[in-house]
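# Remarks on the overall topology
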Amino acid sequence: MADETHVDQEEPQVVEEGPTLPALLTENFVREFEKGVEIYKRWLTVCYRLTRETHWINHGTLEKPKYSLQSPGAEALMNPLGIDFGKYDVRLERNEDDKGKWYAFWTEGYAESKTLNRRGWYVGYCDSRDPFFNARSGWKPETGQGDIRKASFSNWEVNFVTRLAGIRDPDPQSLQLAGLDANKIPRIDYHGGKTPEASAEFISEP
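Going along each chain's sequence as written, the residues are numbered from 1 onward. Only residues with pLDDT of at least 70 are given local features in this predicted model, and only at 80 or more are side-chain atom pairs given and counted; all residues enter the totals for whole chains, interfaces and linings. In computing side-chain values, all of the structure's heavy atoms are included and hydrogens and water are not.

### Comments concerning the environment of Trp 106
For the purposes of this entry, the term helix denotes a DSSP run of H or I that reaches at least four residues, the term strand denotes a run of E that reaches at least two, and both are numbered from the N terminus. Take Trp 106: it is sitting in strand E4 (residues 100–113). Only protein chains enter the accessibility calculation, which uses a 1.4 Å probe. A residue is then buried if its area is under 20% of the maximum for its type, exposed if over 50%, and partly exposed in between. Trp 106 sits in the partly exposed class, given a relative accessible area of 24%. Taking the C-alpha atoms as reference, Trp 106 lies 7.9 Å from Asp 89; in sequence the two are 17 residues apart.

Encoded structure:
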């Protein structure tokens with residue numbers, strides 16, 4: 001007797017579409033949305049005011065800056081924003097390719113902001129080919145595993161704080177509105193090391 005084949009028959013599902021764009025964009029809707037945008041801009045400014053210039057690093061150039069919050073800045077924001085995290089995992093990954101052997105650390109876990117009522121799963125990463133560490137005189141991947149592990153955790157911390165607060169990749173004007181002088185933010189030179197103002201606390205880009 002031939003095997004029977006059973007095919008599940010499902011009823012077609014009706015997808016309810018929302019209102020069309022012209023119907024949604026009423027004068028009142030746009031007016032309220034504009035108010036929300038202004039409040040959001042004020043929120044960003046308040047968050048930036050909780051930091052100082054040394055809490056940021058410029059991974060770009062003076063002409064085309066790319067600002068990233070660093071671990072001390074993330075820690076300065078955690079208490080005011082009610083941000084906390086629980087148990088997290090740290091994973092070591094070893095790899096090899098045509099350029100040789102290398103390794104990476106991953107830090108993963110949940111974090112939440114009670115103030116903002118937001119929660120999520122975030123990841124921090126750093127590997128032994130990180131340009132910041134390799135530009136440091138005397139640093140070697142073989143003996144620098146502790147630095148890479150610490151950077152992975154710090155990048156995880158920065159990642160969840162900036163994403164929960166919504167303050168990633170600010171422009172100079174936004175920082176200036178918060179009273180920060182973008183010219184005083186340390187800059188990393190990946191070809192010749194770091195600028196004199198950049199201390200060892202500054203780590204790889206999240």
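### Brief notes about the sheet that holds strand E3 (residues 83–97)
Strand order in the open sheet formed by three strands is E3-E4-E5, with antiparallel pairing between adjacent strands. Single-partner strands in this sheet number two, and they are E3 and strand E5 (118–127). Across the sheet, the mean angle separating the axes of adjacent strands is 15 degrees when strand polarity is ignored. For this analysis, residues touch if any pair of their heavy atoms sits within 4.5 Å. Here the axes come from fitting lines to C-alpha atoms, over the contacting stretch only for helices, and the angles between their N-to-C directions go from 0 to 180 degrees. Of the strands in this sheet, E3, E4 and E5 are in contact with helix H5 (residues 145–165), which crosses E5 at around 150 degrees. A strand pair is defined by DSSP finding two or more bridges across the two strands.

### Quick notes on the pairing of E3
If a strand is regular, its side chains alternate between the two faces of the sheet. Looking at chain direction, E3 and E4 are connected through 13 bridges and run antiparallel. Bridge assignment links Arg 94 to a residue of E4, and that residue is Tyr 103. Taken together, E3 and the strand that follows it, E4, pair antiparallel across an intervening segment of two residues.

### Description of H5
Expected helix span is given by 1.5 Å per residue-to-residue step, counting one fewer step than there are residues. With 21 residues, H5 extends 30 Å from end C-alpha to end C-alpha; this agrees with the ideal 30 Å at 1.5 Å per step. Of the residues one or two after H5, Gly 166 is the one with positive phi, at around 75 degrees.

### Here's the deal with the nonpolar core
Only buried residues count toward a nonpolar core, which is a set of Ala, Val, Leu, Ile, Met, Phe, Trp, Tyr and Cys residues joined through side-chain atoms within 4.5 Å. Trp 56, Phe 160 and Ile 167 are the most contacted members of the largest nonpolar core, which totals 24 residues. When contributions to this core are tallied by element, the ones reaching two or more residues are helix H2 (27–49), strand E2 (67–69), helix H3 (71–78) and H5. Broken down by element, the residue count for this core peaks at six residues, all from H5. Setting aside chain neighbours within four positions, we find Phe 160 in contact with Met 78, Ile 83, Phe 85, Ala 111 and Tyr 122. Of all hydrophobic cores here, the second largest spans ten residues; its members include Ile 57, Tyr 103, Phe 105 and Phe 132.

### Section: unusual backbone geometry
A positive phi is found at Asn 117, a non-glycine position, where the angle reads about 55 degrees. We classify Asn 117 as exposed; its relative accessible area is 72%.

### As for the confidence of the model for the chain
Every residue carries a pLDDT, the predictor's confidence in it, which falls somewhere between 0 and 100. Per-residue confidence for the chain gives a mean pLDDT of 85; residues scoring 70 or more make up 81%. Counted against residues more than four places away or in other chains, residues 1–9, with its pLDDT under 50, gives zero contacts.

### Focus on a nonpolar patch on the surface
Taken together, the side chains of Leu 24, Leu 25, Phe 29, Val 30, Phe 33 and Val 37 make up a nonpolar region of the molecular surface, amounting to roughly 490 Å² of accessible area. Its location among the elements puts Leu 24 in helix H1 (residues 21–24). For Leu 24, a relative accessible area of 36% translates into the label partly exposed. Like-charged residues within 9 Å of one another, or nonpolar side chains (Val, Leu, Ile, Met, Phe, Trp, Tyr) within 5 Å, are grouped into patches, provided each residue has over 30% relative accessible area and no salt bridge. Throughout, the Shrake-Rupley method with a 1.4 Å probe supplies accessible areas, and for residues the shown protein chains are the sole cover considered. Note on definitions: salt bridges are taken to be side-chain nitrogens of Lys or Arg within 4 Å of carboxyl oxygens of Asp or Glu.

### Things to note about the packing of aromatic side chains
Any pair of Phe, Tyr and Trp rings, taking the six-membered ring for Trp, is counted once the centres come within 6.5 Å. Such a pair is stacked with planes under 30 degrees apart, edge-to-face with planes over 60 apart, and tilted for the rest. Using the criterion set out here, one finds 16 aromatic pairs in the structure. Residues Phe 85 and Phe 160 carry aromatic rings whose centres are separated by 5.7 Å and whose planes lie at 55 degrees to one another, so their mutual orientation is tilted. Residue Phe 85 is located in strand E3, and its partner Phe 160 is located in helix H5; the two are separated by 75 residues in the primary sequence. Phe 85 sits in the partly exposed class, given a relative accessible area of 25%. Each ring, one from Tyr 88 and one from Trp 156, has its centre 5.2 Å from the other, and the planes form 40 degrees; the classification is tilted. Placement of the pair is Tyr 88 in strand E3 and Trp 156 in helix H5, with a sequence separation of 68 residues. For Tyr 88, a relative accessible area of 33% puts it in the partly exposed group.

### Quick look at the packing of H3 against H5
Put simply, H3 and H5 touch, their axes get as near as 9 Å, and they point 45 degrees apart. Here H3 is positioned oblique relative to H5, judged by the angle of their axes. In the packing of H3 onto H5, the handedness of the crossing is left-handed. Between H3, through Ser 71, Ala 74, Glu 75, Leu 77 and Met 78, and H5, the contact on the second element is made entirely by Ser 154, Glu 157, Val 158, Phe 160 and Val 161. A per-class count over the contact of H3 with H5 returns six nonpolar, two polar and two charged. Roughly parallel refers to an angle under 35 degrees, roughly antiparallel to one over 145, roughly perpendicular to one between 65 and 115, and oblique to any angle outside these ranges. Crossing handedness is defined as follows: a turn of the near helix away from the far one that is anticlockwise and smaller than a right angle gives a left-handed crossing, while the clockwise case is right-handed. Note that Gly is not counted as nonpolar here; it falls among the polar residues with everything else outside the nonpolar set of Ala, Val, Leu, Ile, Met, Phe, Trp, Tyr, Cys and Pro and the charged set of Asp, Glu, Lys and Arg.

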